[in-house]
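Now for the letters of each chain:
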Amino acid sequence: MPACATVGVWQRSRSSLTATQKRSASPSSQGGCFFWLNIAALVPVALFGAAMLALSAWYLSIGAPLALPFLDRRLLPPGFDLPALIALLVLLVLPLHELCHGLAFRLLGVGRVRYGIKLSRLVLYAAPAGEAYFRRDAFIAATLAPLAAITLLGAAGLLLSPPGLHLFWALAVALNAGGAVGDMAAVALVRRYPPSTLVRDFGTAFAVYRIEQA
Ligand SMILES: [Zn+2]
């Protein structure tokens, strides 16, 4: 699931729970929500970025005991400025984010994962290649997997790096958190449904289904 992918079915899926059909929502898109989601992304960017900088400040105050000296700023190309660093991180972090979703899908038993890019929104996505339905909590786990994994990876990277690379890790975690704002919105939405709810991820949208009572 890409950032911002999920809001498209916000209203459809909300109404779907009241329907008795097994299948009552289909992927759709609503541009307005997408716009506001991008604005909302600034909040996790600021919070996760600030948390990483706080971790850096604390770690340096205790003398950075785990920092590996061979990891230093020279690993980055010479003359690397902040815009170039952010561009590099976007190129690295966004595919890694989708890869984490894909890995989580595989761990949940999905045979084949489809990766793609939705050009109209310039977002990457990962989704089960076939028809796969997840229980609510499994869907939440797959949706939050990149936020958890890349935040932990970034924190570990920071702890192993000398100060010159701390900004790299802080920006990587912050960018990933911003990219996960759609994931967080999806989780906030599906948490309103009972655990027995089934969710299907279409990559750029998702649908919520209730199980028909026989
Ligand atoms: Zn995501």
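Look up: the structure comes first, before these words.
Residues numbered from 1 in each chain as written. Predicted model: local features only at pLDDT ≥ 70, side-chain atom pairs only at ≥ 80, totals over all residues.

Peer 1: It is not clear to me how the overall build of the chain should be interpreted in this structure. Could you clarify?
Peer 2: Secondary structure summary: the chain contains 7 helices and 5 strands in total. Taken from the N to the C terminus, the helices and strands of the chain come in the order α-α-α-α-β-β-β-α-α-α-β-β. Sorting the 214 residues of the chain into buried and exposed places 36% on the buried side. Sequence separation of at least 24 residues holds for 77% of the intrachain contacts in the chain that already meet a minimum separation of 6. (Helix = DSSP H or I, 4+ residues; strand = E, 2+ residues; numbered from the N terminus. Buried ≥ 20, exposed ≤ 12 C-beta atoms within 10 Å, placed from the backbone. Contact = placed C-beta atoms within 7 Å.)

Peer 1: I keep staring at the packing of helix H4 (residues 82–107) against helix H5 (residues 136–160) and nothing clicks. Help me out?
Peer 2: When two helices pack together, their arrangement is given by the angle between the helix axes and by the axis-to-axis distance. Running from N to C, H4 and H5 point in directions that differ by 135°, and their axes come no closer than 8 Å. If you check the angle between H4 and H5, you find them oblique. Crossing geometry of H4 relative to H5 is assigned as right-handed. Contacts between H4 and H5 involve Val93, Leu96, His97, Cys100, His101, Ala104 and Phe105 from the first element and Ala141, Ala142, Ala145, Pro146, Ala149 and Ile150 from the second. (Axes fitted to C-alpha atoms, helices over the stretch in contact; angles between N-to-C directions. Parallel < 35°, antiparallel > 145°, perpendicular 65-115°, else oblique. Left-handed = near helix turned anticlockwise from the far one by under 90°.)

Peer 1: Could you clarify how one ought to interpret the sheet that holds strand E4 (residues 198–201) in this entry?
Peer 2: Within a sheet, adjacent strands bond to each other through the backbone by hydrogen bonds, running parallel or antiparallel. If you trace the 3 strands from one edge of the open sheet to the other, you get E3-E4-E5, paired in antiparallel fashion. A strand with exactly one partner marks an edge of an open sheet, and here the two such strands are strand E3 (134–135) and strand E5 (206–209). In the sheet, E4 pairs with E5 via 4 bridges, with the strands oriented antiparallel. In the sheet register, Val199 faces E5, and the bridge partner there is Val208. (Pairing = 2+ DSSP bridges.)

Peer 1: How should I be thinking about the pairing of E4 in this particular structure?
Peer 2: A regular strand carries its side chains on alternate faces of the sheet. Bridge analysis of E3 against E4 gives 2 bridges, and the strand direction is antiparallel. Following the sheet pairing, Phe134 is matched in E4 by Val199. Remark: 4 residues form the turn of the hairpin made by E4 and E5, two consecutive strands paired antiparallel; Gly203 in that turn has positive phi of roughly 100°.

Peer 1: What should I look at first to understand the nonpolar core in this one?
Peer 2: For soluble globular proteins, the rule of thumb is that nonpolar side chains tend to be buried together. Judged by nonpolar contacts, the single largest core of 44 residues is most densely connected at Met52, Trp169, Ala172, Val173 and Ala174. Among the elements that line this core, the one with the most residues is helix H6 (residues 166–179), at 9 residues. (Core = buried A, V, L, I, M, F, W, Y, C linked by C-beta atoms within 7 Å.)

Peer 1: Teacher, can you tell me more about the environment of Leu53 here?
Peer 2: Residue placement: Leu53 occurs in helix H3 (residues 42–61). Taking the C-alpha atoms as reference points, Leu53 and Leu158, separated by 105 residues in sequence, lie 9.7 Å from one another.

Peer 1: Help me out: how do you make sense of the packing of H4 against H6 in this one?
Peer 2: Taken N-terminus to C-terminus, the directions of H4 and H6 make an angle of 55°; their axes are 9 Å apart at the nearest point. Taken as axis vectors, H4 and H6 run oblique relative to one another. As for how H4 packs across H6, the hand of that crossing is right-handed. Packed against H4, whose contacting residues are Leu85, Ile86, Leu89, Val90, Val93, Leu94 and His97, the element H6 presents Phe168, Leu171, Ala172, Leu175, Asn176 and Gly179 at the interface. Broken down by class, the residue content of the contact of H4 with H6 amounts to 10 nonpolar, 3 polar and no charged. (Nonpolar A, V, L, I, M, F, W, Y, C, P; charged D, E, K, R; others polar.)

Peer 1: Please explain the environment of Pro163 as it appears in this structure.
Peer 2: Position of Pro163 relative to the elements: it lies in the loop between H5 and H6. Residues Pro163 and Ala64 lie 99 residues apart in sequence; the distance between their C-alpha atoms is 8.4 Å.

Peer 1: How should I be thinking about helix H7 (residues 181–190) in this particular structure?
Peer 2: Since the α-helix advances by 3.6 residues per turn, residues separated by three or four positions end up pointing in the same direction. Counting buried residues in H7 gives 7 out of 10 residues, a clear majority hidden from the surface. Inspection of H7 places Val181, Gly182, Asp183, Met184, Ala185, Ala186 and Val190 among the buried residues, and these make up the whole buried set.

Peer 1: Explain H5 here, please?
Peer 2: With 25 residues, H5 ought to run about 36 Å at 1.5 Å a step, and its terminal C-alpha atoms sit 36 Å apart, in line with that. Residues of H5 that are buried: Phe139, Ala142, Thr143, Ala145, Pro146, Leu147, Ile150, Gly154 and Leu158. Buried positions along H5 lie against H3, H4, E3, H6, H7 and E4. (Expected span 1.5 Å × (residues − 1).)

Without other data, these values stay purely geometric and don't point to any function.
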